[in-house]
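Listed below are the residues making up each chain.
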Amino acid sequence: MGKIYLGFNCNCFTNRYDEPEEWTRICKELGIHKVMFNVDLIDPYWNWETQKKLCDRTLEACAKNGVEIFASFGGQHGHQHYLGHPDSDARSEGEQFFRNAMRQTAYLGGKSFGTCFGIQTVRTNSDADARAKQLQDTIDCYHRLAEYGAEIGLEALAYEMTSIDRETCATFAENDYVLEKCSDMAIPLRVCLDMGHRNTEGLPEEADHLAWIRRYADRCDVIDCQQTERNVSCHWPFTPENNRKGVIRAEEIVQAIKDSGAQNDLLLAFELRCSAFYPQEHSFMENLEQSVRYWRAYVKD
């Protein structure tokens, strides 16, 4: 079995602690040494000079505070269609977005970049032929992106499993299909799992977050870590109150990873939300601290 690490999905910090000196300081204070970077912090569509300036600041702050960028991922605006857009020109723009983000990721030293595989519109998802064609277009695009990723030194591409068919990769069958069709890419395709993502209208096992981990952790580098109720993705912090009403148990997650037979290292990346209202705004840091404290009893890294 590989090592399990605690870390942050950096979308925790966007809108509050965007300065790299700030979020890396927080990581150091909480004993976190690895993160999944988030492109909401540095937009891949900004000109490269601006990106590079902020990337250099980020790398300097990471070195100072002992933080490693493990991987990178799409942000809040990453829940767009991108490679699944119904318009071919818009899909081409999505492919360019990926290339920009991949270049940024490689510069920051991350091993992989990804976001949702290819989110469909309601219209496309309701037409079996159109959906199949668009899914194949997305698979073809990932092959092209993998060639570019290999050229710039990335180790893998990634995508996130979802909770509804329209967003793609919400069933075991479709994840297996995508992984098989992409098995010949220039660099591997990896699954990003999320403790709050489960398909409650599919197979019974697809509604079980532990079943997803047991099935795919050996093809996964990052699991988004959140407390949640069963039928929604809450992105709650792991406070005592939330742990009483939520369904995520750290010991069960660790055991599911062991049961998967995964030999690869895995980052459990806190992806936590805090409302920008009083008094929730002022509990953000306490929420992070309590979440790390809860998980440290099970993940020592």
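Residues numbered from 1 in each chain as written. Predicted model: local features only at pLDDT ≥ 70, side-chain atom pairs only at ≥ 80, totals over all residues. Heavy atoms only, no water.

**Q** Mind laying out the overall build of the protein chain, listing which residues take part and the relevant values?
**A** Each helix and strand counted, the protein chain has 10 helices and 8 strands in total. With 301 residues in all, the protein chain has 56% of them scored as buried. Put simply, 77% of the contacts in the protein chain that link residues at least 6 apart link residues at least 24 apart. Carbon and sulfur atoms provide 48% of the accessible area of the protein chain, an area that totals close to 12900 Å². (Helix = DSSP H or I, 4+ residues; strand = E, 2+ residues; numbered from the N terminus. Buried < 20%, exposed > 50% of the residue type's maximum accessible area, 1.4 Å probe, protein only. Contact = heavy atoms within 4.5 Å. Areas by Shrake-Rupley, 256 points an atom, 1.4 Å probe, with all protein chains shown as cover.)

**Q** Explain unusual backbone geometry to me, using residue names and the numbers behind them.
**A** Of note, Thr168 is a non-glycine position whose phi angle comes to about 70 degrees, a positive value. Take Thr168: it is sitting in the loop between strand S5 (156-160) and helix H6 (172-181). Positive phi, normally seen in glycine, also occurs at Cys169, with a value near 60 degrees. Looking at the secondary structure, you find Cys169 in the loop between S5 and H6. Given the relative accessible area of 0%, Cys169 is considered buried.

**Q** Lay out the sheet that holds strand S3 (residues 68-73) in plain terms, naming residues and giving numbers.
**A** With parallel pairing, the 8 strands of this closed barrel are ordered in space as S1-S2-S3-S4-S5-S6-S7-S8. In this sheet, neighbouring strand axes are inclined to one another by 30 degrees on average, regardless of whether the strands run parallel or antiparallel. Where strand S2 (residues 34-38) meets S3, 5 bridges bridge the pair, whose relative direction is parallel. Looking at the pairing, Asn38 lines up with Phe73 of S3. Strands strand S4 (112-116), S5 and strand S6 (189-194) of the sheet are contacted by helix H5 (residues 128-152), whose axis makes an angle of about 145 degrees with S5. (Pairing = 2+ DSSP bridges. Axes fitted to C-alpha atoms, helices over the stretch in contact; angles between N-to-C directions.)

**Q** Just give me the short version of helix H10 (residues 284-296), but keep the residues and values in it.
**A** With 13 residues, H10 extends 19 Å from end C-alpha to end C-alpha; this agrees with the ideal 18 Å at 1.5 Å per step. For H10, the set of buried residues is Phe284, Asn287, Leu288, Gln290, Ser291, Val292, Tyr294, Trp295 and Arg296. The inward-facing, buried residues of H10 abut strand S1 (4-9), helix H1 (20-29), strand S7 (220-225), helix H8 (240-245), helix H9 (250-260) and strand S8 (266-270). (Expected span 1.5 Å × (residues − 1).)

**Q** Describe in detail the packing of aromatic side chains, supporting the description with residues and values.
**A** Summed over all chains, the structure comprises 21 aromatic pairs. A ring pair is formed by Phe238 and Phe270, whose centres lie 6.2 Å apart and whose planes are at 65 degrees; its orientation type is edge-to-face. Taken together, the residues Phe238 in the loop between S7 and H8 and Phe270 in strand S8 connect sequence positions 32 residues apart. The burial state of Phe238 is the same as that of Phe270; both residues are buried. Here the guanidinium or amino end of Arg99 rests over the ring plane of Tyr148, the centre of that ring lying 5.1 Å away. Taking the ring centre of Trp48 as reference, the NZ or CZ of Arg103 above it sits at 4.1 Å. (Phe/Tyr/Trp six-rings, centres within 6.5 Å; stacked < 30°, edge-to-face > 60°. Lys NZ or Arg CZ within 6 Å of the ring centre and 35° of its normal.)

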